[in-house]
Structures are given as structure tokens and as C-alpha cells.
Amino acid sequence: MNEQLAYEDAIMQDAIRYVKEAGKLIMDLINMPLHIQEKKNQSDLVTEVDVRSEQLLRGQITRDYPTHWILSEETDGGREDSHHTLLEPPAGYGWIIDPIDGTINFIHSLAHFAISVGIVRDGLPICGVVYNPVTDELYAGRKQGGAYVNGKPIQVGNEQELSQALLATGFQAIDWKPNSVVVEQIGRMTGIVRSVRILGAASLDLCLVASGRLTGFWHDGLYPWDVAAGLVILQEAGGAITNAAGRPFVLSDNTLIASNGVLHQYLISMLK
Ligand code: 2AM
Ligand code: CA
Ligand code: CA
Ligand code: CA
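Residues numbered from 1 in each chain as written. Chains lettered and ligands numbered in written order. Predicted model: local features only at pLDDT ≥ 70, side-chain atom pairs only at ≥ 80, totals over all residues. Heavy atoms only, no water.

Contacts to ligand 1 come from 16 residues, most closely from Asp101, Gly102, Thr103, Ala202 and His219. One of the side-chain N or O atoms of Asp98 is found 3.1 Å from an oxygen atom in ligand 1. Between ligand 1 and the protein, one listed contact pairs an oxygen atom with a side-chain N or O atom of His219 at 2.7 Å. In the complex, 89% of the free accessible area of ligand 1, which totals 470 Å², lies under the protein chains. Split into classes, the residues belonging to the shell around ligand 1 amount to six nonpolar, five polar and five charged. (Near = heavy atom within 4 Å. Polar contact = N/O pair within 3.5 Å; in protein donor to acceptor, adjacent residues only side chain to side chain. Areas by Shrake-Rupley, 256 points an atom, 1.4 Å probe, with all protein chains shown as cover. Nonpolar A, V, L, I, M, F, W, Y, C, P; charged D, E, K, R; others polar.)

Written out as C-alpha cells, the structure reads:
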């Protein structure tokens, strides 16, 4: 094994260890009374558990990898440029973290939220770890190294027809406003696809496509920490992930369309 591969292997193993520790912290706190704060509006919430999960992750990364940069929701989310930081990403290794993806689900004890950690090298996502601490499912993917859930290889589904497709979407995260576009898009899918879900945690939704439980997922206005980890996992599971124009998705893109690959062009046309 060459030196870079061995180093990245160690990073990956550490990332898995860190998210499991964060997951344990979250599960220890899930039944405590939560202090919930509004950020920009009533749907943009943060709890002290989000903050503590992020502090735990940042602390371990800073201790073990002091030369790596970190971008995370509760530290960097308020910055005007945080969505576009990745247009000119710093060189070297960086960690892109969502300490709880699906905070609203977490607050309501709905078992669909996760800790999402993506690792990039010179701006390109190379590893992803997404962990649902309630179901104890840990998704991991590594560029050219495959995608796994709890160590078992996963791959996208084999649906060949839109009539067999189960899709998910979500409301725009950036500048949350009346979501007429996504409502109209869902309307357009009715009668053509099997069904559409809004599950509320983009990182996990991408892993559901990667493991063949969903056929596709689309979303506008996500942030890099929602997507960085799931992107690698989905690609390694054989899926497709592009922007609205069908070009390979990059972290600064606004629209994300993900699928099992087979139905990708149909989805792009339907979402135009
Ligand atoms: P979050 O729970 O970490 O905020 C749901 O469609 C997806 O969009 C989730 O991944 C959620 O991440 C994100 N999201 C929804 N509303 C958001 C908001 N107002 N700010 C940031 N992210 C949001
Ligand atoms: Ca949030
Ligand atoms: Ca998120
Ligand atoms: Ca979050």
C-alpha cells in the first residue's frame, strides 16, 4: 500500500471512531430536556446537542490532525461565504462536518438523523462517513474503495422504470421560503413514479439511494456539510450525482440530483 493510501486509510478509521463517539453522546442526551434555539427562522433550529456533537468532532480532529482544515455547520454556517467556501477550497486535507443532519427529526425523536463527516483532499471529496446512531447504521465510502453499511458492501438499486422509482426530496435549506418549486415538482412526479418522500436528512437520504432503498433524491439549496460525505458513498455504490444540467455535482452547486444511474436522465428531464 502506498503512503497516501495508508494515511487516508488511517483518516477513514479515525473518522469512523469519531462519529461513533458523537453518536454515543447524542444517544446519551436524546431523552434529556432539550434547549432549542431558532437560528434564522422557526424551521432553522439548533440544540445544545448539535453544538456538543460538533465540539467533540472538532476537538478530536484538531488533536489528531492539527494541519487539516475544518468546515462545520454550527461554527461556519453563519458565515456569508460558507456555501461558497468550496468554490476555492483550501489545499490539503479538510473535514466537512454536520454534527446532526436532520435536527428537526432529532428534536421530534424521529429515527432519521445522522452525523455526517466528509473528507476532502485538495478540494475533492475522498471519504465519507454517515452514522445514524438510533438504528446504529454506519455508512462509509472511500474513493475507489467501495461503499459499505456496517462493513457490508452496498450498491444502488436496479429500478429500470420510473413507475418503480421511490424518490425523496426536501425543502430548500438556504433562505428557507415558501417552497412552491419543490411542491410543484412533487406534483409533476405524481402518477409517474411510485412515490415521493420528504425524510428530512439529506446525508442519510443519499445513503438510502446508495443502498438501493431509494431510487433517487433531489434537493435545492443544500450546504456542503449536507452532501460531502453522502456524495462519496453514493458514487462508490454505483450511483449518479449531478447538478440540474447533468454535470458532475460539486459542493458549490445549488441543485443536486442523485439516483441509481439508470433513471438519471429521466429525473433530470422531469425536474427541468
Ligand atoms: P439540518 O437538519 O442539518 O439543518 C432537509 O431537507 C435537509 O436540509 C437536512 O439535511 C437539513 O439539515 C437541511 N436543512 C433544512 N432546513 C435547513 C435550514 N434552515 N438551514 C440549514 N439546513 C437546513
Ligand atoms: Ca441546521
Ligand atoms: Ca444538514
Ligand atoms: Ca445540522
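Next comes the rest of the write-up.
Before going further, it helps to examine the packing of helix α1 (residues 3-29) against helix α2 (residues 48-64). At a closest axis distance of 10 Å, the pairing of α1 and α2 adopts a crossing angle of 155°. When the axes of α1 and α2 are compared, the pair comes out roughly antiparallel. The chirality of how α1 crosses α2 is right-handed. Seen from α1, the contacting residues are Arg17, Tyr18, Val19, Glu21, Ala22, Leu25, Ile26 and Leu29; seen from α2, they are Val49, Arg52, Ser53, Leu56, Leu57, Gln60, Ile61 and Asp64. In terms of residue class, the contact of α1 with α2 is built from 10 nonpolar, two polar and four charged. (Axes fitted to C-alpha atoms, helices over the stretch in contact; angles between N-to-C directions. Helix = DSSP H or I, 4+ residues; strand = E, 2+ residues; numbered from the N terminus. Parallel < 35°, antiparallel > 145°, perpendicular 65-115°, else oblique. Left-handed = near helix turned anticlockwise from the far one by under 90°. Contact = heavy atoms within 4.5 Å.)

The subject of this paragraph is unusual backbone geometry. For residues besides glycine, phi is generally negative; the peptide bonds are generally trans as well. With phi around 55°, Ser109 is a residue other than glycine that occupies positive phi space. With respect to the element layout, Ser109 can be found in the loop between α4 (103-107) and β5 (114-121). The residue Asp136 is not glycine, and still its phi comes out positive at about 55°. With respect to the helices and strands, the residue Asp136 is situated in the loop between β6 (124-132) and β7 (137-142).

Time to look at the pairing of β7. Of all six residues making up β7, six are buried, and the element is well covered by its neighbours. Of the two faces of β7, the one holding Glu137, Tyr139 and Gly141 and the one holding Leu138, Ala140 and Arg142 are both buried throughout. Bridge analysis of β6 against β7 gives six bridges, and the strand direction is antiparallel. The partner of Tyr131 across the bridge, within β7, is Leu138. Where β6 folds back onto β7 in an antiparallel hairpin, the turn is made up of four residues, including Asp136, whose phi is positive at roughly 55°. Sheet topology note: the β7/strand β8 (residues 146-149) ladder contains four bridges and is antiparallel. Of the residues in β8, the one forming a bridge with Tyr139 is Val149. The antiparallel hairpin formed by β7 and β8 contains three residues in its connecting segment, where Gln144 sits at a positive phi of about 60°. (Buried < 20%, exposed > 50% of the residue type's maximum accessible area, 1.4 Å probe, protein only. Pairing = 2+ DSSP bridges.)

This next bit is on the UniProt feature "binding site: Mg(2+)" (unreviewed entry) in the protein. When the UniProt feature table is mapped onto this chain, "binding site: Mg(2+)" (unreviewed entry) is found at Glu73, Asp98, Ile100, Asp101 and Asp226. Sequence-wise these annotated residues cover 154 residues; spatially they are packed, their C-alpha atoms never more than 9.7 Å apart. Positionally, Glu73 belongs in helix α3 (residues 73-76). Judged by its relative accessible area of 17%, Glu73 falls in the buried class. Leaving out residues up to four positions away in the same chain, Asp101 has contacts with Phe113, Ala114, Ala201, Ala202, Ser203, Leu204 and Asp226. A polar contact is formed between the side chain of Asp101 and the backbone nitrogen of Ala202, at a distance of 3.1 Å. (UniProt positions renumbered as here; feature names shortened; annotations may be inferred.)

For the rest of this paragraph, the subject is the coordination of the calcium ion (ligand 3). Coordination of the calcium ion (ligand 3) by the protein comes from Asp98 (OD), Asp101 (OD) and Asp226 (OD), over a distance range of 2.1 to 2.3 Å. In terms of primary sequence, the donors binding the calcium ion (ligand 3) are separated according to D-x2-D-x124-D. Separating the calcium ion (ligand 3) and the calcium ion (ligand 2) is a distance of 5.2 Å. Note that Asp98 is positioned in strand β4 (residues 93-101) and Asp226 in helix α7 (residues 224-236), a separation of 128 residues in sequence. Of the residues examined, Asp98 reaches a relative accessible area of 0% and is grouped as buried. (Donors = N, O, S within 2.8 Å, 3.2 Å for Na, K, Ca; no water.)

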